[in-house]
Amino acid sequence: MTAFDPRLIDEWVTFWNTYDLTQMDRLFLTDEHATYFSSEKPGIVRGHDALLKHHAGFGFVPGGKTSGNRLWLEDAQHDAFAGSAVVTAIWCFQRAGSERVQRGPVTLVYVAAPDGWRIAHANFGNYPA
């Protein structure tokens, strides 16, 4: 097993900024074990297919697109242990043409897979506006 590479966090940020749905399989588990709590929609997203549908609902498309929206992380920290890594940060999101920046906590749980590290769980929250 290779050590967790914090550049994987940057790859996830790039995924959000390019809206490239084809990156899902490289970043997330590709089976029913992937789970996701959205900051925008209630409930839990379970499994790879549901995760693809969830991101498509936000405008992600195969090959990506230019949106003008911007996501970045502040105060990102990671701790790797026992074949997993936990990333905590404050996510920041600014829609194109808006001065308002949404913020909230995010936790990404990575697991070591045979072909590299994958996100097994993501949990997003919102801070009050």
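Residues numbered from 1 in each chain as written. Predicted model: local features only at pLDDT ≥ 70, side-chain atom pairs only at ≥ 80, totals over all residues. Heavy atoms only, no water.

We now examine the packing of aromatic side chains. All told, the structure shown has 12 aromatic pairs when counted by the stated rule. The interplanar angle of 40° and the centroid separation of 4.8 Å between the aromatic rings of Phe15 and Phe60 together place this pair among those described as tilted. Of this pair, Phe15 sits in helix α1 (residues 7-18) while Phe60 sits in the loop between α3 (48-57) and β3 (70-81), placing them 45 residues apart in sequence. Both residues of the pair, Phe15 and Phe60, belong to the buried class. Look at Phe28 and Tyr36: their rings are 6.5 Å apart centre to centre, the planes differ by 50°, and that puts the pair in the tilted class. Each of the two residues, Phe28 as well as Tyr36, counts as buried. Three or more aromatic residues joined by ring pairs make a cluster, and in this case those are Trp12, Phe15, Trp16, Tyr19, Phe28, Tyr36, Phe58, Phe60, Phe93 and Phe124. (Phe/Tyr/Trp six-rings, centres within 6.5 Å; stacked < 30°, edge-to-face > 60°. Helix = DSSP H or I, 4+ residues; strand = E, 2+ residues; numbered from the N terminus. Buried < 20%, exposed > 50% of the residue type's maximum accessible area, 1.4 Å probe, protein only.)

It is worth spelling out the side chain of Gln102 at this point. Examined against the element boundaries, Gln102 turns out to sit in strand β5 (residues 102-113). Judged by its relative accessible area of 10%, Gln102 is buried. Here Glu40 takes part through its side chain, which lies 3.2 Å from a polar atom of the side chain of Gln102. When sequence neighbours within four positions are dropped, the list of residues in contact with Gln102 reads Glu40, Trp91, Cys92, Phe93, Arg95 and Asn126. (Polar contact = N/O pair within 3.5 Å; in protein donor to acceptor, adjacent residues only side chain to side chain. Contact = heavy atoms within 4.5 Å.)

So, to be careful, I would describe these as geometric facts and stop short of saying anything about function.
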